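Here is how the chains run, residue by residue.
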Amino acid sequence: MSMAFYLAFKEVWRNKGRFALIAAVVALITVLVLFIAALAEGLASANREYIEKLNGELLVFQANTQLSTSASRIGRSRVAELRRVEGVEAVGQVGFSTAKLIPPDGGDEINIAFIGVEPGMPGEPEVFAGQQLARSRGNNVIVDEGVIARLGVQVGDLIRLKVTRGTREEFYDLTVVGLTDRRQYFFQPAVFAPIVTWDNIRADGGQPGGELVSNIAVIKLRNPDEIERMKRRIEAEVKDVEVADKKTAWEALPGYTAQQSTLSTQQFFTFFIGVLVVGGFFQIQTLQKVAQIGMLKAIGLSNWTVGLTAFAQIIIVNALGVAVGAAGTLALTANFPVTVPIVLTGATALAAVLALLAIGPLGGVVSVVALLRIEPLRALGMAQ
Amino acid sequence: MIGLEAINVTKIYGAGATAVTAVNAVSLGVRRGEFVALVGPSGSGKTTMLAMLAGLLRPSAGQIFIAGQDIGRMSETQRTRFRGRYIGFAFQSNNLVPYLTALENVELLLRLNGKLDRKGRERARELLVRLGLGERLHNRPNQLSGGQQQRVAIARALIHEPEVVLADEPTASLDTERAHQVVQTFAELIHEQNRAGIMVTHDLRMCRYVDRVIQMVDGHVSREIVERNEILRLAGALDSPDGGSEVALVHAETIGERRPRDDWRRSPAAVV
């Protein structure tokens, strides 16, 4: 084994230029794959972040709305029914709408997701600074990191919201009482208001005397392991509702699945190109070395040693390329502003890097098999 | 002491109507400290014979003993390991590992046999110095001339103290002067280190450095020359001491004289 590593290392070291070139190609492929992965993750997060981080297990939609948050309507009475179902710990109404934030310095208006939540109920995000929302009424809001990054707001600051009602623009000044982590919804940073305040402010809300209607309800279960059973029970006991777990809910967001599958395809093809490039390089190298390998086998090197030498080289060069590419990508993405939808999480990066480390062995397997098949007699021109 | 012994070795390529007998019941033996040339025209079976003696090709029939073991009966893996331990090689070309220096190429066989200690390194260095490559120890093959490369190959063939040293046309890519230098040094080292050496060559001028010449024609041993003067005459060295006999080269292709196959057994230098 030491012989294989000795030969592998010597050949790579003494042909640095050639091997650096293929390592550079692997590095560029790594950058590309990681960027696509980060973009997929960034776009997915931008879409689903709020739903993913919900402090509940199930989302309740109006029946026959195909899990569309904008089409679904859940009224107060329905929520009361949900609360009576055995096994339900808590239910919170959540309403989605959009609005614009007016920066205090007079810059461009910012599109935000304006989300109504019930204080103390599932759906309200946990704050990392300041306080939770105290009452269902009142002009207090929680803002997420997307808003903080764009406006630089702090607890106690006033923010100005613009809503277009009919053709009229209305402005609302709200006090920031709490800050939460990134909770984007549908590519927009989020502002969370008490549900009644939300209903009064949102563009098409606030019908006087009517029932308080939200888009969905979020359920926290007494036993979070009983998701499937509870889903069936709720649908059986409460009329006209459809219940989904969080993953099903975000996958039903408009365009989410199509976007992710497009990016996955791109990622796969980049990966596949990588396998072909590395495979091609090592195959050409093998063809150039037929006589040399024949000589090595003739003087007593086993097939195992010859194969391991080639494999070790492939691993060294591939790992080097992946390491350089990954380090470069990490350095680049670390400095991206929060507004760019590129998110390289540890899990995404690790999965991509592990897949990229397989490029070499996958691409090189043909050349290693070719090496093993070299007959010393033929390679040395001694065959009859 | 016998270094190598082949008994009734036959090699048949193909089968049925297309079968070709490349080597037909050849027996030969080489003592330790003896250097033998295997000559003959193209297609005479000398390269096939060498390949079998080297354990690169399994005989169709017969036995080949090196260090007391019948290499024809070994598995592929066993033969590979055996080659690394008991056989030294110098080929016609593609002799050296291009990314290793001259010294590292020689040390490769010590490394393969687990003998690369301080003493081994010193021996490798001394052998290269002895071969006139003291200034070229750390040069890679592409920085060496053809003759220098061939001398490194010779050092590598001998460094691990093999039982048998084999050379296939070691002078094919060299000019006359370098060819003489290389084979002369090869012969000296084989004698000094007490190895059994066999060289396949088509250049009869190189026979002046060997102790015995075995001529093959059509897969048989046609003639064996042990008489010193006769060897020198074959090498074209008796009348013109500086060698360079053009006739000798041509002669190699036209040797047709046949003798009984086992004639060498009766010769005084024969060992079996």
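In what follows, the accompanying structure is described.

### A closer look at the sheet that holds strand 9 (residues 212-217) of chain B
Residues and elements named next belong to chain B.
Inference 1: Spatially, 6-7-8-3-9-10 is the arrangement adopted by the six strands of the open sheet, whose pairing is mixed. Whereas interior strands pair on both sides, the edge strands pair on one side only; in this sheet they are strand 6 (87-90) and strand 10 (220-225). When strand polarity is set aside, the average angle formed by the axes of neighbouring strands in this sheet is 20°.
Inference 2: In terms of strand pairing, strand 6 meets strand 7 (residues 164-168) through four bridges, oriented parallel. Opposite phenylalanine 89, over in strand 7, you have leucine 166 as the bridge partner.
Inference 3: Packed on one face of the sheet, helix 2 (residues 76-86) meets strand 6 and strand 7 and runs near 80° to strand 6.
Inference 4: Running over the sheet, helix 5 (residues 146-158) touches strand 6 and strand 7 and is turned about 175° from strand 6.

### Some points on the interface of chain B and chain A
Inference 1: Taken together, the contact between chain B and chain A spans 28 residues of the former and 22 residues of the latter.
Inference 2: Interface area for chain B against chain A, summed over the two sides, is near 2400 Å², with a carbon-plus-sulfur share of 68%.
Inference 3: Along the contact surface separating chain B from chain A lie two salt bridges.
Inference 4: On inspection of chain B and its partner chain A, the count reaches six residue pairs in polar contact (both at pLDDT 80 or more).
Inference 5: When contributions to the side of chain B that touches chain A are tallied by element, the ones reaching two or more residues are helix 1 (46-53), helix 2 and helix 3 (102-112) of chain B.
Inference 6: A breakdown of the residues in the side of chain B that touches chain A according to their chemical character gives 15 nonpolar, seven polar and six charged.

### A closer look at the nonpolar core
Inference 1: The biggest cluster of nonpolar side chains holds 129 residues, and the ones touching the most others in it are Leu28, Met49 and Cys207 of chain B.
Inference 2: Among the elements that make up this core, the one with the highest residue count is helix 2 (residues 16-52) of chain A (eight residues).
Inference 3: Once residues lying within four places of it in the same chain are set aside, the contact partners of methionine 49 of chain B are Ala6, Val9, Val23, Val26, Leu28, Leu38 and Met216 of chain B.
Inference 4: By size, the runner-up hydrophobic cluster in this structure holds 26 residues, among which are Leu67, Ile115, Leu133 and Val177 of chain A.

### Concerning the pairing of strand 12 (residues 241-245) of chain A
Residues and elements named next belong to chain A.
Inference 1: Of all five residues that make up strand 12, four are buried, and the element is covered over most of its length.
Inference 2: As judged from the five bridges shared by strand 1 (residues 58-62) and strand 12, these two strands associate in the antiparallel manner. Bridge pairing in strand 12 links leucine 58 to aspartate 245.

Rules and cut-offs
Residues numbered from 1 in each chain as written. Chains lettered and ligands numbered in written order. Predicted model: local features only at pLDDT ≥ 70, side-chain atom pairs only at ≥ 80, totals over all residues. Heavy atoms only, no water. Pairing = 2+ DSSP bridges. Helix = DSSP H or I, 4+ residues; strand = E, 2+ residues; numbered from the N terminus. Axes fitted to C-alpha atoms, helices over the stretch in contact; angles between N-to-C directions. Contact = heavy atoms within 4.5 Å. Buried area = accessible area lost by both parts, 1.4 Å probe. Salt bridge = Lys/Arg side-chain N within 4 Å of Asp/Glu carboxyl O. Polar contact = N/O pair within 3.5 Å; in protein donor to acceptor, adjacent residues only side chain to side chain. Nonpolar A, V, L, I, M, F, W, Y, C, P; charged D, E, K, R; others polar. Core = buried A, V, L, I, M, F, W, Y, C linked by side-chain atoms within 4.5 Å. Buried < 20%, exposed > 50% of the residue type's maximum accessible area, 1.4 Å probe, protein only.

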